[in-house]
Amino acid sequence: QVQLVESGGGLVQPGGSLRLSCVAAGSIASIAAMGWYRQAPGKQRELAAIITSGLSTNYADSVKGRFTISRDNAKRTVYLQMNSLKPEDTAVYYCYSAIKTTGGVFTAYWGQGTQVTVSS
């Protein structure tokens, strides 16, 4: 059994910063990509940022230069540092990871989501 547990969401004023964290727990043999998707009300879920096991990163155009994704493989944790937040960043942020369990194959896992609200 694998779980992704997120933390760090909340309410912040425009221009502010937040840091999201997501830790993978369970019978994990290997972790490939880790990332963050987000879903705003009435919109489809979209990629915000992703990082591979080799530390290559990819960002949505809308967050480039403001968000930074990083990971700590020893802690099985991925982070999303969000700076210069805008009201349009308001969404539920979901942690994503491709994980191989002991004796298994790589499978996509999702966290439960954490709300980020940017408002004055």
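These numbers were taken from a predicted model, which means no experiment stands behind them.

Conventions we followed
- Residues numbered from 1 in each chain as written.
- Predicted model: local features only at pLDDT ≥ 70, side-chain atom pairs only at ≥ 80, totals over all residues.
- Heavy atoms only, no water.
- Phe/Tyr/Trp six-rings, centres within 6.5 Å; stacked < 30°, edge-to-face > 60°.
- Helix = DSSP H or I, 4+ residues; strand = E, 2+ residues; numbered from the N terminus.
- Buried < 20%, exposed > 50% of the residue type's maximum accessible area, 1.4 Å probe, protein only.
- Lys NZ or Arg CZ within 6 Å of the ring centre and 35° of its normal.
- Pairing = 2+ DSSP bridges.
- Disulfide = S-S within 2.5 Å.
- Contact = heavy atoms within 4.5 Å.
- Salt bridge = Lys/Arg side-chain N within 4 Å of Asp/Glu carboxyl O.

### A closer look at the packing of aromatic side chains
In this structure the tally under the stated criterion is three aromatic pairs. Summarising the aromatic geometry, the rings of Y37 and Y96 are spaced 5.8 Å apart at their centres and angled 70 degrees between planes, so their arrangement reads as edge-to-face. Residue Y37 is found in strand 4 (residues 28-39), and its partner Y96 is found in strand 9 (residues 91-101); the two are separated by 59 residues along the sequence. Judged by centre distance (5.2 Å) and plane angle (55 degrees), the rings of Y96 and W110 are tilted. Taken together, the residues Y96 in strand 9 and W110 in strand 10 (residues 106-110) connect sequence positions 14 residues apart. With a relative accessible area of 16%, Y96 lands in the buried category. Using a relative accessible area of 38% as the deciding quantity, one classes W110 as partly exposed. Seen from the ring of Y94, R45 lies directly overhead, with NZ or CZ sitting 3.7 Å from the centre.

### Details of the pairing of strand 1 (residues 2-7)
A one-sided burial pattern is seen for strand 1, the buried positions being V2, L4 and E6 and the unburied ones Q3, V5 and S7. In terms of strand pairing, strand 1 meets strand 3 (residues 18-26) through six bridges, oriented antiparallel. Note that in strand 3 the partner of E6 across the bridge is C22.

### Concerning the state of the cysteines
According to the stated counting rule, one finds one disulfide in the structure shown. One disulfide bridge connects C22 with C95, the sulfur atoms lying 2.1 Å from each other. Judged by the torsion about the S-S bond (-85 degrees), the C22/C95 disulfide is left-handed. Placement of the pair is C22 in strand 3 and C95 in strand 9, with a sequence separation of 73 residues. Here C22 and C95 have matching classes, each one buried.

### Quick look at the environment of S119
With respect to the helices and strands, the residue S119 is situated in the segment after strand 11 (114-118). Relative accessible area serves as the criterion here: at 38%, S119 is assigned to the partly exposed category. Residues S119 and P14, 105 residues apart in the sequence, show an inter-C-alpha distance of 6.0 Å. Apart from residues lying up to four places away in sequence, S119 is in contact with L11, V12, Q13 and P14.

### Some words on the pattern of salt bridges
Scanning the entire structure with this criterion turns up four salt bridges. In this structure, E46 engages R38 in a salt bridge whose closest nitrogen and oxygen atoms are separated by 2.9 Å. Using a relative accessible area of 37% as the deciding quantity, one classes E46 as partly exposed. One salt bridge connects K64 with D61, and the closest N-O pair in it is separated by 3.1 Å. Looking at K64, the relative accessible area reads 48%, which means it is partly exposed. Exposure remark for D61: the relative accessible area of 65% places this residue in the exposed category. Connected via shared salt-bridge partners are R38, E46, R66 and D89.

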